[in-house]
Amino acid sequence: MARILVVDDEPAICWGIEQLALSLGHEVEVAASAEQGLQIAAITHFDLLLLDVRLPGIDGISALPKFRECLISAPVVVMTAFGDLETAVRAVQNGAFEYLLKPFDLAEVRATINRAFELPSLSTPQAIVKAGGAMLGQTQGMQEVFKRIALAASSEVSVLITGEQGVGKEEAARAIHQHSTRSTGPFVAVNVKALSPTMAEAELFGHKIGGSSDSFPARNGLLLEASGGTLFLDEVADISLPIQAKLIRALDQAEVIPLGTNRPIRTDIRVISSSSQDLSHRVHSGEFRQDLCYHLSEFEIAIPPLRERADDILLLAQHFASLLAGEEANFTKETRDELLQRKWFGNLDELRDALAQALSNSGSGRILPEHLPAPIAKQTDDGSSTVATKSLEQLARLRAADLLGDPSSEGLVYERFLEEVEPALLQSAMDHFSNEYAPAARALGLHRTTLKRKLEQYGLAK
Ligand SMILES: Nc1ncnc2c1ncn2[C@@H]1O[C@H](COP(=O)(O)OP(=O)(O)OP(=O)(O)O)[C@@H](O)[C@H]1O
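Bear in mind the structure is a predicted one, so any value in this text is a computation, not a measurement. (Residues numbered from 1 in each chain as written. Predicted model: local features only at pLDDT ≥ 70, side-chain atom pairs only at ≥ 80, totals over all residues.)

Q: Looking at this model, I keep getting lost on the sheet that holds strand β3 (residues 48-52). Mind explaining?
A: By way of backbone hydrogen bonds, the strands of a sheet pair with one another, either parallel or antiparallel. Across the sheet, 5 strands lie side by side as β2-β1-β3-β4-β5; this open sheet has parallel pairing. Looking at which strands have only one partner, the edges of the open sheet turn out to be β2 (27-31) and β5 (98-101). On average, each strand axis in the sheet is inclined to that of its neighbour by 20°, with strand direction left out of account. In this structure, β3 lies alongside strand β4 (residues 76-80), joined through 4 bridges in parallel fashion. If you follow Leu 51 over to β4, its bridge partner there is Val 78. Set on the sheet, helix α2 (residues 34-43) makes contact with β1 (3-7) and β2; between it and β1 the angle comes to about 160°. (Pairing = 2+ DSSP bridges. Helix = DSSP H or I, 4+ residues; strand = E, 2+ residues; numbered from the N terminus. Axes fitted to C-alpha atoms, helices over the stretch in contact; angles between N-to-C directions. Contact = placed C-beta atoms within 7 Å.)

Q: How should the packing of helix α13 (residues 313-325) against helix α15 (residues 347-362) be read in this particular structure?
A: Two measures define how a pair of helices packs: the angle their axes make with one another and the distance between the axes. Interhelical geometry of α13 versus α15 gives an angle of 50° and a closest axis separation of 9 Å. As judged from the angle between their axes, α13 and α15 are oblique. The two elements α13 and α15 cross, and the hand of that crossing is right-handed. On α15, the residues that touch Leu 316, Ala 317, Phe 320, Ala 321, Leu 324 and Ala 325 of α13 are Leu 348, Leu 351, Arg 352, Leu 355, Ala 356 and Leu 359. The class makeup of the residues in the contact of α13 with α15 is 11 nonpolar, no polar and 1 charged. (Parallel < 35°, antiparallel > 145°, perpendicular 65-115°, else oblique. Left-handed = near helix turned anticlockwise from the far one by under 90°. Nonpolar A, V, L, I, M, F, W, Y, C, P; charged D, E, K, R; others polar.)

Q: It is not clear to me how the site of the ligand should be interpreted in this structure. Could you clarify?
A: Not every one of the 20 residues close to the ligand is listed here, only the nearest: Gly 168, Lys 169, Glu 170, Glu 171 and Leu 348. Elements with a contribution of two residues or more to the shell around the ligand: α7 (169-178), α13 and α15. Partitioning the shell around the ligand into residue classes produces 6 nonpolar, 8 polar and 6 charged. (Near = placed C-beta within 6 Å.)

Q: Hey, could you run me through unusual backbone geometry in this one?
A: Both trends apply: most residues other than glycine have a negative phi, and most peptide bonds are in trans. Here Lys 102 and Pro 103 are connected by a cis peptide whose omega angle stands at 0°. Tracing the backbone shows Pro 103 in the loop between β5 and α5 (106-118). The backbone of Trp 344 sits at a positive phi, close to 50°, despite the residue not being glycine. Note that Trp 344 resides in the loop between α14 (333-341) and α15. For Trp 344, a count of 25 C-beta atoms within 10 Å gives the class buried. Here Ser 434, not a glycine, exhibits a phi torsion of approximately 50°, which is positive. (Buried ≥ 20, exposed ≤ 12 C-beta atoms within 10 Å, placed from the backbone.)

Q: Whenever I open this one, α13 confuses me. Can you help?
A: Because an α-helix packs 3.6 residues into every turn, residues spaced three or four apart end up facing the same way. The terminal C-alpha atoms of α13, which comprises 13 residues, lie 18 Å apart, in line with the 18 Å expected from a rise of 1.5 Å per residue. Every buried residue of α13 is listed here: Ile 313, Leu 316, Ala 317, Phe 320 and Ala 321. Axial view of α13: buried residues confined to an arc of 130°, hence all on one face. On its buried side, α13 packs onto β13 (330-331), α14 and α15. Remark: Gly 326 follows α13 within two positions and exhibits a positive phi of approximately 80°. (Expected span 1.5 Å × (residues − 1). Arc of directions from axis to C-beta.)

Here's what the structure looks like:
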């Protein structure tokens, strides 16, 4: 049995947690403000504190250091409905071991209480955290990411960040570095895909040119450059097996042996990696070393694709447009609807690029749907691409905008537009029905002679 203090000004939340904790066999006291909670904590021993952020009087995070003095090593769970990266980092910095996002269900609270008493290795935050962080997100999915970034920043464990291309993996890695004790050291990002196969080893581990075999390398290599800071291995799944073997050795021993030398040099690096592929699949298929996979993924952060955090789309669109144009963009209702209904298979990269193009097409800050480029197609497993919903409509809009803006098309826009799309449709129908007019005409809903005439007109008749 443990003693739990719940500080929240919402009686219903206190009651719910109290009932749950009692059913788990714990004792509970509740307080409606930080001040009241501190008075109770000063005279009673507690094993766990559940602390709300928004409270009347002192807010929960500002009160955390005082609670820490009373509670000494007891874990603290911060509860908030207003999580952003900054809140998460401050919570961890001030001694919280986890935070719960409101609204939460009781199963989550139960799991959190149980975890608190297990005291995982990340429970002792050590970071002196810098303020700042340019990552935006108000959806549950991103709040969870912020929480995990904050936890990762407070420790030295290796981190594997997973997610589709363009979801913000590098941004997350930078945030971890920036909020960690290594923030004054270098952040060295290695784009593994871009490493030339022949030079990869030299680029990573350094090399010397000529001279005696134990002289200092002529080039330091990226691992040494990252010493004292963070090494970010972008798309780590693409590292070749021979380099994987050298890398695991370097990380295990905390030293590198530059090419052409036999003298190991000590390193002090924290590794963060990213992958848009499932690393465990690569392990199973023998393309990735299991020991390296373990070494790199002591802690994992999965960033959801943009289409699964639709409530962040407009926030991010406005953010990118302001960054690009230097002022707030004006999205019409149709544009907002269009932004919201797209799948964004290229994630934030696609959103940012689409806005850059839209701003240039619009010539002003007022962005209409036809200013946006066609959506990126989704890659299927066989490498081919399926056109994303509405991309045809978008292409049509773009082409229509071109024709409408061309004075030589005056009075001919409809005809020219049809001339561009009709042949493809007619030809597809003919191909599908092995050049037989009757079934093709039936499927198209045209008279047979009309189909024949149109095919002749476009020079497609057989
Ligand atoms: N939460 C966020 N808030 C604001 N901007 C973000 C956020 N996440 C990412 N970005 C921006 O979105 C773009 C894509 O992010 P990033 O390069 O980190 O993605 P990635 O997953 O590493 O991409 P890739 O798989 O192509 O390497 C960058 O311009 C980055 O600054």
